[in-house]
Amino acid sequence: MNLIISERGTFLALRSERLQLRHPQQETQEVALRDLETVTVTTTACTLSAEAIRACARFGVQIDLVDGLGSPYAKFSSPYLVGTVSTRRAQMQAYLTPVGVEVARHAIRARLRNQASLLKYFGKYRKEADPAAYEALQRALPGLTALEADLDAQQGECIDDLRDVLLGIEGRGGVVYWGAVAALLPSDLAFPGRLGRGATDPTNMTLNYGYGILYARAAGVLATAGLEPFAGFLHTDRPGKPSLVLDFVEGFRAACVDRPVLALLGRGWRPETDEHGKLTPETRKRIATAVHDRLDTRDAVGGKRFRLQNIMVMQARRLATFLRGEGDYPVYVASW
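Notes on the structure follow. Throughout, a residue's number is its position along its own chain's written sequence, starting from 1. With pLDDT at 70 or above as the cut-off, local features in this predicted model cover only qualifying residues; side-chain atom pairs require 80 or more to be listed or tallied, and sums for whole chains, interfaces and linings still use all residues. Working from all heavy atoms in the structure, the side-chain values ignore hydrogens and water.

What to know about the overall build of the chain
And then number 1: Numbering of helices and strands runs from the N terminus; a helix is a DSSP stretch of H or I covering at least four residues, while a strand is a stretch of E covering at least two. Within the chain, the secondary structure is distributed over 10 helices and 10 strands.
And then number 2: A compact globule built from 336 residues would reach a C-alpha radius of gyration of about 20 Å, and the chain, at 20 Å, matches this within 12%.
And then number 3: Throughout, a contact is declared for two residues whenever any of their heavy atoms are within 4.5 Å. Looking at the chain alone, contacts between residues at least 24 apart form 64% of all its contacts between residues at least 6 apart.
And then number 4: Carbon and sulfur atoms make up 51% of the accessible area of the chain, which totals about 15,500 Å².
And then number 5: Under the counting rule used here, the positive set is Lys and Arg, the negative set is Asp and Glu, and His together with the chain ends is not counted. Where a charge lies is defined by one atom per residue type, namely NZ (Lys), CZ (Arg), CG (Asp) and CD (Glu). Of the side-chain charges in the chain, 42 are positive and 37 negative, and the distance between the mean point of each set is 4 Å. Both definitions apply: the radius of gyration is a C-alpha atom measure, and the globule rule equals 2.2 Å times residues to the power 0.38. Per-residue accessibility takes into account occlusion by the displayed protein chains alone, with areas from the Shrake-Rupley method and a 1.4 Å probe.

Topic: the packing of helix 6 (residues 202-224) against helix 10 (residues 308-323)
And then number 1: Following both chains from N to C, one finds helix 6 and helix 10 inclined at 45°, their axes separated by 9 Å at the closest point. It follows that helix 6 is oblique to helix 10 by the angle criterion. The hand of the helix 6/helix 10 crossing is right-handed. Contact residues: helix 6 offers L214, R217, A218, V221 and L222, while helix 10 offers Q309, M312, V313, A316 and L319.
And then number 2: Here the contact of helix 6 with helix 10 is built from residues that sort into 8 nonpolar, 1 polar and 1 charged. Lines are fitted to the C-alpha atoms to define the axes, a helix being fitted only along its stretch in contact, and any angle between axes, read from their N-to-C directions, falls within 0 to 180 degrees. Angular relationships are summarised with four words: roughly parallel below 35 degrees, roughly antiparallel beyond 145, roughly perpendicular across 65 to 115, and oblique for the angles in between. For a crossing to be left-handed, the near helix must be turned anticlockwise from the far one by less than a right angle; the clockwise case is right-handed. Polar here means any residue outside two lists: the nonpolar Ala, Val, Leu, Ile, Met, Phe, Trp, Tyr, Cys and Pro, and the charged Asp, Glu, Lys and Arg; Gly therefore counts as polar.

Here's the deal with the sheet that holds strand 2 (residues 11-15)
And then number 1: Pairing between strands requires that DSSP locate at least two bridges from one strand to the other. Sheet architecture is open: 4 strands sit in the order 4-3-2-6, paired in mixed fashion. One side of each edge strand has no neighbouring strand; the edge strands of this open sheet are strand 4 (29-32) and strand 6 (47-48).
And then number 2: Relative to strand 6, strand 2 is paired through 2 bridges, and the arrangement is parallel. In the sheet register, F11 faces strand 6, and the bridge partner there is T47.
And then number 3: Along the sheet face, helix 1 (residues 50-58) touches strand 2, strand 3 (18-22) and strand 6 and points at about 65° away from the line of strand 2.

Brief notes about the pattern of salt bridges
And then number 1: Here a salt bridge means any side-chain nitrogen of Lys or Arg lying within 4 Å of a carboxyl oxygen belonging to Asp or Glu. The full count for this structure, using the stated rule, is 16 salt bridges.
And then number 2: Between D188 and R270 there is a salt bridge, and its shortest N-O distance comes to 2.9 Å. Residue D188 is found in the loop between helix 5 (159-184) and helix 6, and its partner R270 is found in the loop between helix 8 (253-266) and helix 9 (281-296); the two are separated by 82 residues along the sequence.
And then number 3: Accessibility expressed as a relative area gives 53% for D188, which makes it exposed.
And then number 4: Residue exposure (1.4 Å probe, protein chains only): buried if accessible area is under 20% of the type maximum, exposed if over 50%, otherwise partly exposed. Since its relative accessible area comes to 25%, R270 is described here as partly exposed.
And then number 5: Three or more residues are tied together by salt bridges with common partners; here these are R109, R113, E148 and D152.

A word on the side chain of E250
And then number 1: Checked against the element boundaries, E250 lands in the loop between helix 7 (243-248) and helix 8.
And then number 2: Setting aside chain neighbours within four positions, we find E250 in contact with A107, A110, R111, E170 and H235.

As for the pairing of strand 1 (residues 2-5)
And then number 1: Taking every second residue as pointing to the same face, both faces of strand 1 are buried, with N2 and I4 on one and L3 and I5 on the other.
And then number 2: Bridge count between strand 1 and strand 5 (residues 38-41): 4 bridges; the pairing is parallel. The residue of strand 5 that forms the bridge with I4 is T40.

Quick word on the environment of R88
And then number 1: Mapped onto the fold, R88 is located in helix 2 (residues 86-94).
And then number 2: Judged by its relative accessible area of 23%, R88 falls in the partly exposed class.
And then number 3: In the structure, R88 is positioned 140 residues away from E228 in sequence and 6.3 Å away in space, judged by C-alpha atoms.
And then number 4: In protein, a polar contact requires one atom able to donate a hydrogen and another able to accept it; more generally it is a pair of N or O atoms within 3.5 Å, and residues adjacent in sequence count only if both atoms are side-chain atoms. A distance of 3.3 Å separates the side chain of R88 from the backbone oxygen of G226, its partner in a polar contact.

Description of the environment of R324
And then number 1: Here R324 shows up in the segment after helix 10.
And then number 2: With 235 residues separating them in the primary sequence, R324 and R89 have C-alpha atoms 8.7 Å apart.
And then number 3: Apart from the residues lying within four places of it in its own chain, the contact partners of R324 are S86, T87 and A90.

Brief notes about the nonpolar core
And then number 1: For this analysis, a nonpolar core means a set of buried residues of the types Ala, Val, Leu, Ile, Met, Phe, Trp, Tyr and Cys, connected via side-chain atoms within 4.5 Å. In terms of nonpolar packing, the biggest core is built from 79 residues, with F248 and L319 touching the most fellow members.
And then number 2: Ranked by the residues each element gives to this core, the list is headed by helix 3 (residues 98-123), at 11 residues.
And then number 3: If near-sequence neighbours (up to four positions away) are discounted, L319 is found in contact with V103, L222, L227, L244, F248 and Y329.
And then number 4: Membership of the second largest hydrophobic core comes to 17 residues, among which are I5, L19, V41 and V61.

Overview of the sheet that holds strand 1
And then number 1: As summarised here, the arrangement of the 4 strands in space is 1-5-7-8, forming an open sheet in which the pairing is mixed. Both outer strands of the open sheet, strand 1 and strand 8 (72-76), are each paired with one neighbouring strand and no more. Sheet twist, expressed as the mean angle between neighbouring strand axes with direction ignored, is 20°.
And then number 2: As paired strands, strand 7 (residues 62-66) and strand 8 are joined by 4 bridges and run antiparallel to one another. By the bridge assignment, D64 is partnered in strand 8 with K75.
And then number 3: Sitting on the sheet, helix 6 is in contact with strand 1, strand 5, strand 7 and strand 8, with an inclination near 145° to strand 7.

Coordinates in, geometry out; function isn't part of it.
Quick look at the structure:
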């Protein structure tokens, strides 16, 4: 279960082995710690008791604080869940070897395949209902597939030698994918193409907030797997930039955020903003709920079905074993 705190004036306390959420104008809510996986705080006007934070750490419940744009700015978790050294040593060494190149290549491959999977998912409902959109999706799919051949053709001993070329392939894939997404969206959204931080159109503001929720979750699973979230391969290092998080989420953006966001917008829901142009608390909660609900859905891996958030955990552990030279790092592709 995922708990979202979005109302101003909310107080989170501990009562036995249950978290008690006291709302200013609503009934008190209680959640058993054993049933909880994350707490996401989307408001700056709430109070978390030290006892509640300590209990969450003891039960392995991650607390994420995200700002009005969806960017995580703080996290509470137990330091003892990440007390490994060998994995991080291997991660740092891999940066200077072909292993780092493979991790970067994996990020792009996972992104391309999951973008194609999502286009297929939306396409199967539009063949009859919206032939024009269906044709746009069908034209995009070969382009995404062809980029994998370009990806495989790039060889190098160190990621620094190949990063610009690999990012170029990723960028070309983005042009194809977001061009197809534009054909899916209602015309009133006036989608200008994919824009990051600072975007003011409804689609990108919603996506950016959803990605922030995903980044926070990814940072937690990577750290728990013994990895350093700020030491990536495809994305360059910069103070305050969680580059490995950005690498890792490439394979989960389409399945975990794009799918629920595009579904919301396609059904007529529109984000609301305040007088400062920021998403309202109600809108932030709606987006966070949609992403968390999606992370709770199940998908097949190796003949068994797991929740998407557990698949993220599995992939983080596989990345760790791959960096240590102890196993493979297969690409996860969401079902469509």
